[in-house]
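Structural overview
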Protein chains: 2
Amino acid sequence: METAASTLDALETPCLLLDETRMTRNIERLNALMAGHGVRLRPHLKTPKSIEVARRLMATPQGPAAVSTLQEAEQFAAAGVTDLLYAVGVSPSKLDRVLALRQRGVDLTVVVDSIEAARAVSARAKAAGDPIPALIEIDCDGHRAGVQPKDTDQLLAIARVLHEDGACLRGVMTHAGESYGCRSVEAIADMAEQERWAAVSCAEAIRGAGLPCPVVSVGSTPTAHFARKLDGVTEVRAGVYVFFDLVMAGLGVCSVDDIAATVLTTVIGHQPEKGWILVDAGWMAMSRDRGTAKQPVDQLYGLVCDADGKVYPDVLLAETNQEQGIVKVRPGSSGVLPDLPIGAKLRIVPNHACATCAQHDAYEVVRPGEPGVVARWERFRGW
Amino acid sequence: METAASTLDALETPCLLLDETRMTRNIERLNALMAGHGVRLRPHLKTPKSIEVARRLMATPQGPAAVSTLQEAEQFAAAGVTDLLYAVGVSPSKLDRVLALRQRGVDLTVVVDSIEAARAVSARAKAAGDPIPALIEIDCDGHRAGVQPKDTDQLLAIARVLHEDGACLRGVMTHAGESYGCRSVEAIADMAEQERWAAVSCAEAIRGAGLPCPVVSVGSTPTAHFARKLDGVTEVRAGVYVFFDLVMAGLGVCSVDDIAATVLTTVIGHQPEKGWILVDAGWMAMSRDRGTAKQPVDQLYGLVCDADGKVYPDVLLAETNQEQGIVKVRPGSSGVLPDLPIGAKLRIVPNHACATCAQHDAYEVVRPGEPGVVARWERFRGW
């Protein structure tokens, strides 16, 4: 009988493998958690950038979902998704594309965090006769953008510009990006509460001023998985959980055996006196993401597995050139470099699924126990 | 009169700008250096991945050129390039595509560094009745792949397998990747001599054994620019010089004003109390490459310029999320954060041109003094 691994030999390497069984398990796990909280999930499609993956992630073929670019919004809209949040602060020059999508029937919401941006959105909305819905971004952890949660004056000023000058004030959103730096599940749960509190308290301030705030949107993959409660939250956003990665495993959000996206590579040489295997996966195939560098266990450019996905303990993709990678044993470990001929296939588990997948144009879909590739799902990219 | 900057407002951001005037100057500089040495240049097309840039780089529309993937080889062959070196160690599974290109009239050369790989190439060449030309890779600096220059037994064993068993022994090649770690122009010049010596001495060993070695190929962008002599070398390979980048500027190979590829981005927000400007160029637009992190001056994710390309001293793209970047003043410097409204455009000078350009599908070509975009040149990618 053919093994799954042997039938992968037909693939050109490097390429991106997607273990559909693991992906389905990851999706079902977060769906079950959100059902337990009674909160709607708005999956973030910036990780998969694929219609086929999106359909498996979303509650319905129409959404809801979040995107990080208008290119994603346009691609998913063309595939029938009608409930979309463009979850990055919008610039005025992007409002034409926002309006064009809305005119095609897409309920596309934008994000602002300043009076200046709110004025631009309201002015364009008024001129177009389309009250563009907007969420106000709240800065729950100092990570990125957003209004400070205690700056109620600023919050309400933005809310009023949206509500009164032409846009539609739909609510608030925040993202606990600092949860990626947590060192325990307890710390992640605390961060989830900080994220929830920031959004809910701002929503209450808006409602207290007599303004509408139907949506309270929070989320990051770590906080979504360990939130103790989500009272007052109407939706949770998360993205990388669909595939997971070594950063999430290092945080304790998943195990390495949950990671669904890997890079298939071929052995192209050896430097035995240096203890190296050379493979055809360099940074072009892996990305330059070194997200585990700040974690207690640095996985360099990724964990090395055999062609079936079984991890070689303490064997790492240690260095990368553009189209070559160097596989080594972790210094100081008891790992053993496998004895592999030129042409042998390996899988590399990546640091950061969003970044690694972005280097590829398609997923080669595999299911453990079934030979070969069961489907090829295209990705898109750009802005 | 419209300025160049104002007419860039029509571009969707983030996008990749290419200053054609700087590119032309960079190309002419290395062409002149190589003419002075009397050595042929084989530009490496892994940096541009664009037919239009390739035509400006190559000595003739047919080449010569080097590539890092067979996808590049196929794309450039389709555009009429017939003299190509696939400069990464070839795996047996890629030989079908190598042979298919050769059957279309492309003089495609491969690289091997082991008896195992040489046997695979010779066996397939013999079976196909096409003596695939191969260079033997030499490890001049411990950086990557290759035969140790003093391991003459191994070198000659590989040479004989290629020459006698079905392939065509075309010569030797080496790449001084460690030149990226040099700390002075003197050190780069020393590394260039080490690279030259490794290749030339191996070529002499092969010829001394009565075997052919017509090609002696060396190169990296730093060593190509500072080699004191190239006696015995028949061709030099270099890639990133076409655009240059902050890593090359940090090495002293170019100045920041030579860097031709930048990312155009839009201001999307401010966090004044933190001293931040938020822009729509995150790691998706810049890549995760932090190549200057190991240099004396760490440029973080890149140097920030105004829309015309004038550098704001000590203003950096300091942090990146997927689709957002955080602009800050370099800590401890006298830099001043510019006062820019939402919607203003900036250019970011990248760490590593190969990695940043790979995140984009096209170059928006600009010429200083001419308004707007003068051309759009597509890039390709994949394997």
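Values in this document were obtained by computation on a predicted structure and should not be read as measured data.

1. Thoughts on the sheet that holds strand S6 (residues 133-138) of chain B
Residues and elements named next belong to chain B. Spatial strand order, S2-S9-S8-S7-S6-S5-S4-S3: 8 strands in an open sheet with parallel pairing. The sheet terminates laterally at strand S2 (40-43) and strand S3 (65-67), the two strands that pair on one side only. Across the sheet, the mean angle separating the axes of adjacent strands is 30 degrees when strand polarity is ignored.

2. Considering the UniProt feature "domain: D-serine dehydratase-like" (unreviewed entry) in chain A
This chain's UniProt record puts "domain: D-serine dehydratase-like" (unreviewed entry) on residues 260-367 of chain A. Its end C-alpha atoms 10 Å apart, residues 260-367 of chain A is made of 8% helix and 41% strand.

3. Let's talk about the confidence of the model for chain A
Residues and elements named next belong to chain A. Per-residue pLDDT for chain A has a mean of 96; in total, 98% of the residues score no lower than 70. Low confidence marks residues 1-5, where pLDDT is under 50. Its contacts with residues over four positions away, or in another chain, come to 9 contacts. Under the prediction, the complex receives an ipTM of 0.97, its pTM being 0.97.

4. Digging into the interface of chain A and chain B
With 58 residues of chain A in contact, the opposing surface of chain B contributes 58 residues. Interface area, chain A with chain B, both sides summed: about 4,800 Å², of which 49% is carbon and sulfur. If you sort the residues of chain A by the area they bury against chain B, Arg144, Arg381 and Trp383 of chain A come out on top, with a joint share of 17%. Counting the contacts that link chain A with chain B gives 10 salt bridges. Arg97 of chain A is paired through a salt bridge with Glu12 of chain B; the nearest N and O atoms lie 2.8 Å apart. Elements with a contribution of two residues or more to the side of chain A that touches chain B: strand S4 (83-89), helix H6 (115-128), strand S10 (261-271), strand S11 (276-279), helix H11 (283-286) and helix H12 (353-357) of chain A. In terms of residue class, the side of chain A that touches chain B is made up of 19 nonpolar, 21 polar and 18 charged.

5. A word on the state of the cysteines
Residues and elements named next belong to chain A. Considering all chains together, one arrives at 0 disulfides over all chains under this definition. The thiol sulfur of Cys254 is not disulfide-bonded, and the nearest other cysteine sulfur, from Cys354, lies at 13 Å. Cys354 supplies the cysteine sulfur nearest to Cys357, a cysteine that is in no disulfide, at a spacing of 7.5 Å.

6. Some details on the packing of aromatic side chains
Summed over all chains, the structure comprises 4 aromatic pairs over all chains. Relative to Phe380 of chain B, the ring of Phe76 of chain B lies with its centre 5.2 Å away and its plane at 65 degrees, an arrangement referred to as edge-to-face. Of this pair, Phe76 of chain B sits in helix H4 (residues 70-78) while Phe380 of chain B sits in the segment after strand S17 (375-378), and the two are 304 residues apart along the sequence. With respect to class, Phe76 of chain B is no different from Phe380 of chain B; both count as buried. Sitting over the face of the ring of Tyr301 of chain A, Arg290 of chain A holds its NZ or CZ atom 5.7 Å from the ring centroid.

7. Remarks on the environment of Gly239 of chain A
Residues and elements named next belong to chain A. Residue position: Gly239 is located in the loop between strand S9 (235-238) and helix H10 (246-251). Taking the relative accessible area as the measure of exposure, Gly239 reaches 8% and is therefore buried. Sequence separation of Gly239 and Ala353 is 114 residues, and the distance between their C-alpha atoms is 9.9 Å. Residues in contact with Gly239, not counting those within four places in the same chain, are His44, Thr47 and Thr221.

8. What to know about the side chain of Ser179 of chain A
Residues and elements named next belong to chain A. Tracing the sequence through the fold places Ser179 in the loop between strand S7 (168-174) and helix H8 (185-208). Exposure remark for Ser179: the relative accessible area of 0% places this residue in the buried category. Only 2.7 Å separates the side chain of Ser179 from the backbone oxygen of Ala176, close enough to count as a polar contact.

9. Points about the packing of H6 of chain A against helix H7 (residues 152-165) of chain A
A packed helix pair is summarised by two numbers, namely the angle formed by the two axes and the spacing between the axes. Residues and elements named next belong to chain A. Remark: H6 packs on H7, axes separated minimally by 8 Å, with the N-to-C direction vectors making an angle of 5 degrees. With respect to each other, H6 and H7 are oriented roughly parallel. In contact with Ile115, Ala118, Arg119, Ser122, Ala123 and Lys126 of H6, H7 contributes Gln154, Ala157, Ile158, Val161, Leu162 and Asp165.

10. Some points on the environment of Lys310 of chain B
Residues and elements named next belong to chain B. Along the chain, Lys310 turns up in the loop between strand S12 (303-306) and strand S13 (311-320). Separated by 100 residues in the primary sequence, Lys310 and Gly210 place their C-alpha atoms 57 Å from one another. Ignoring anything within four residues of it in the chain, the contact list for Lys310 reads Val304 and Cys305.

11. What about the relation of the copies chain A and chain B?
The two copies are related by a screw motion: chain A maps onto chain B through a turn of 180 degrees and a shift of 0.0 Å along the axis, at an RMSD of 0.0 Å. The two molecules are tied by a two-fold rotation axis, judged by turn and shift. For chain A, the residue whose C-alpha comes nearest the rotation axis is Arg288 of chain A, separated from it by 2.5 Å. Looking at chain A, 100% of its interface residues are interface residues in chain B too, so the copies touch through the same face.

12. A look at the pattern of salt bridges
The final tally for this structure, using the stated rule, is 58 salt bridges over all chains. Between Asp314 of chain B and Arg330 of chain B there is a salt bridge, and its shortest N-O distance comes to 2.9 Å. Of this pair, Asp314 of chain B sits in strand S13 while Arg330 of chain B is found in the loop between strand S14 (325-329) and strand S15 (345-349), placing the two residues 16 residues apart along the sequence. On the basis of relative accessible area, Arg330 of chain B is assigned to the buried category, the value being 18%. Through salt bridges with shared partners, one network takes in Glu20, Arg56, Arg367 and Glu370 of chain A.

13. Some words on the domain arrangement of chain A
Residue and element names in this part refer to chain A. As far as domains go, chain A holds domain 1 (45-238) and domain 2 (256-378). The distance between the C-alpha centroids of domain 1 and domain 2 comes to 35 Å. Between domain 1 and domain 2, the residue contacts involve 9 residues of the former and 8 residues of the latter. Here domain 1 meets domain 2 over a buried area of about 720 Å², counting both sides, of which 57% is carbon and sulfur. It is Thr47, Glu52 and Arg183 that lose the most area in domain 1 upon contact with domain 2, and together they represent 52% of the buried surface on that side. Residue composition of the side of domain 1 that touches domain 2, by class: 2 nonpolar, 2 polar and 5 charged.

14. Points about the sheet that holds strand S5 (residues 107-112) of chain A
All names here are of chain A. Taking strand neighbours across the sheet as the criterion, the 8 strands line up as S2-S9-S8-S7-S6-S5-S4-S3 in an open arrangement whose pairing is parallel. The strands lining the two open edges of the sheet, one partner per strand, are strand S2 (40-43) and strand S3 (65-67). For this sheet the average axis-to-axis angle between neighbouring strands, irrespective of direction, equals 30 degrees. Pairing analysis gives 3 bridges linking S7 to strand S8 (residues 215-218), with the strands arranged parallel. Bridge assignment links Val172 to a residue of S8, and that residue is Val216. The strands touched by helix H5 (residues 95-103) within the sheet are S5 and strand S6 (133-138), with S5 carrying the most contacts at an inclination of about 155 degrees.

Basis of the calculations
Residues numbered from 1 in each chain as written. Chains lettered and ligands numbered in written order. Predicted model: local features only at pLDDT ≥ 70, side-chain atom pairs only at ≥ 80, totals over all residues. Heavy atoms only, no water. Pairing = 2+ DSSP bridges. Helix = DSSP H or I, 4+ residues; strand = E, 2+ residues; numbered from the N terminus. Axes fitted to C-alpha atoms, helices over the stretch in contact; angles between N-to-C directions. UniProt positions renumbered as here; feature names shortened; annotations may be inferred. pLDDT = per-residue confidence, 0-100. Contact = heavy atoms within 4.5 Å. Buried area = accessible area lost by both parts, 1.4 Å probe. Salt bridge = Lys/Arg side-chain N within 4 Å of Asp/Glu carboxyl O. Nonpolar A, V, L, I, M, F, W, Y, C, P; charged D, E, K, R; others polar. Disulfide = S-S within 2.5 Å. Phe/Tyr/Trp six-rings, centres within 6.5 Å; stacked < 30°, edge-to-face > 60°. Buried < 20%, exposed > 50% of the residue type's maximum accessible area, 1.4 Å probe, protein only. Lys NZ or Arg CZ within 6 Å of the ring centre and 35° of its normal. Polar contact = N/O pair within 3.5 Å; in protein donor to acceptor, adjacent residues only side chain to side chain. Parallel < 35°, antiparallel > 145°, perpendicular 65-115°, else oblique. Least-squares fit on C-alpha atoms with pLDDT ≥ 70 in both. Domains from an automatic or database assignment.

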